[in-house]
Amino acid sequence: MAESENAHPGLVVASHGRHCLVESPEGTRTRCHAKGKKNETVVGDQVLWRHSGDEGVIAGVQQRRNLFYRQDEIRTKSFAANLDQVLVLIAAEPEFSELQLARALIAAEAERIAPLIALNKSDLVEPFERAWGRLLTYQHAGYGVLPLSLRQSGDVDRTHLLQHLRGKTTLVLGPSGAGKSTLINLLTPQAQALTGEISQALNSGKHTTTATTLYWVDAERKTAIIDSPGFQEFGLHHIDRMQLAALMPDLKPHVADCKFYNCTHMHEPACGVIAAVNDQPGAPAGRIEPNRYRIYRTLFEELSQPRY
């Protein structure tokens, strides 16, 4: 019997452990489990599934447009698939890590997913000005940066955000304290209630926060946001270190000016990237901020370490 015979199409809208919640084109949801010991599906996957008693079993996963994930020395963690956008939410306070921000942006670029940065807590005037100043480099590099004050001007921010989210599937990332839960609840007021229902459906109990979940923003189910569990580190071990510069928009234009095709941009003579950092006479148009180059060097050295 073919895998897809008698199978129904569906969208994975939540995932936890071996189980996932699959939504039909009509909007009904069914708790499904993987055939084997490991659940290979992620939120955003288009799947085929079959009834198996009161539940369902995944019969197959349709080809993905992309997969956003991180990888450290030990394990790979997938966030979601078939994304249009990754929204990285950071705040004026607590101070955000540019290195962590860069990691998320590079991972998005690697999968050809449009990244968007949102800076929350614009009501904290001085901290916000400092943080906004740190993000000017990213704006110059072509990244979109949105100012937000989710607790102070929610209605205005909701309208502003929807201009960028409408008709898309967006994964929301953010460190603890940035306001991710506030943003999710602002866009989807039903999210809190749904979280409890989804937790019960997946039998995840108190471990709800470890489940990645898709919420529809509109009744037509055209605009979706995906909430993901928080994380402390964002490994990039799936990235080829020699491709790293091409995944940083402010470094990429200068790669073609390097004398050597296999230039690491770390020490070679006649390196277009180093020349742009140093702003040397005759350097190509555009300039690489020293801090962005330091981030490149840190990540390149990290990806050069032997793996065990």
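As a reminder, the structure under discussion sits directly above these lines.
Because the structure is a prediction, the values reported are computed rather than measured.

Some details on the pairing of strand 10 (residues 144–147)
In this sheet, strand 10 lies alongside strand 9 (residues 114–120) in parallel orientation, the contact comprising four bridges. Of the residues in strand 10, the one forming a bridge with Leu 119 is Pro 147.

Overview of helix 2 (residues 125–140)
Its 16 residues give helix 2 an end-to-end C-alpha distance of 22 Å, which sits within 8% of 22 Å, the value for a rise of 1.5 Å per residue. The sharpest bend along helix 2 comes to roughly 35°, located at Arg 134. Where helix 2 is concerned, the buried positions are Pro 127, Phe 128, Ala 131, Leu 135, Thr 137 and Tyr 138. The inward-facing, buried residues of helix 2 abut strand 8 (85–91), helix 1 (98–110), strand 9, strand 10 and helix 8 (290–304). Phi turns positive, to about 110°, at Gly 142, one or two residues after helix 2.

Digging into the state of the cysteines
Enumeration over the complete set of coordinates arrives at zero disulfides. Unpaired in terms of disulfides, Cys 258 finds its nearest cysteine sulfur in Cys 271, a separation of 3.8 Å. Here Cys 263 is not cross-linked by a disulfide; its sulfur's nearest cysteine counterpart is in Cys 271, at 3.7 Å.

Observations concerning the nonpolar core
Core analysis: the biggest nonpolar cluster contains 67 residues, and Phe 68, Val 86, Leu 101, Ile 117, Leu 135 and Tyr 296 have the highest contact counts within it. With seven residues, the single largest contributor to this core is helix 1. Setting aside chain neighbours within four positions, we find Leu 101 in contact with Val 88, Ile 90, Phe 96, Ile 117, Leu 135 and Tyr 138. Core analysis: the second largest hydrophobic core is formed by 20 residues, Leu 116, Ala 118, Val 172 and Leu 186 among them.

Reading guide: rules and limits
Residues numbered from 1 in each chain as written. Predicted model: local features only at pLDDT ≥ 70, side-chain atom pairs only at ≥ 80, totals over all residues. Heavy atoms only, no water. Pairing = 2+ DSSP bridges. Helix = DSSP H or I, 4+ residues; strand = E, 2+ residues; numbered from the N terminus. Expected span 1.5 Å × (residues − 1). Bend = angle between axes of the 7 residues up to and from the residue. Buried < 20%, exposed > 50% of the residue type's maximum accessible area, 1.4 Å probe, protein only. Contact = heavy atoms within 4.5 Å. Disulfide = S-S within 2.5 Å. Core = buried A, V, L, I, M, F, W, Y, C linked by side-chain atoms within 4.5 Å.

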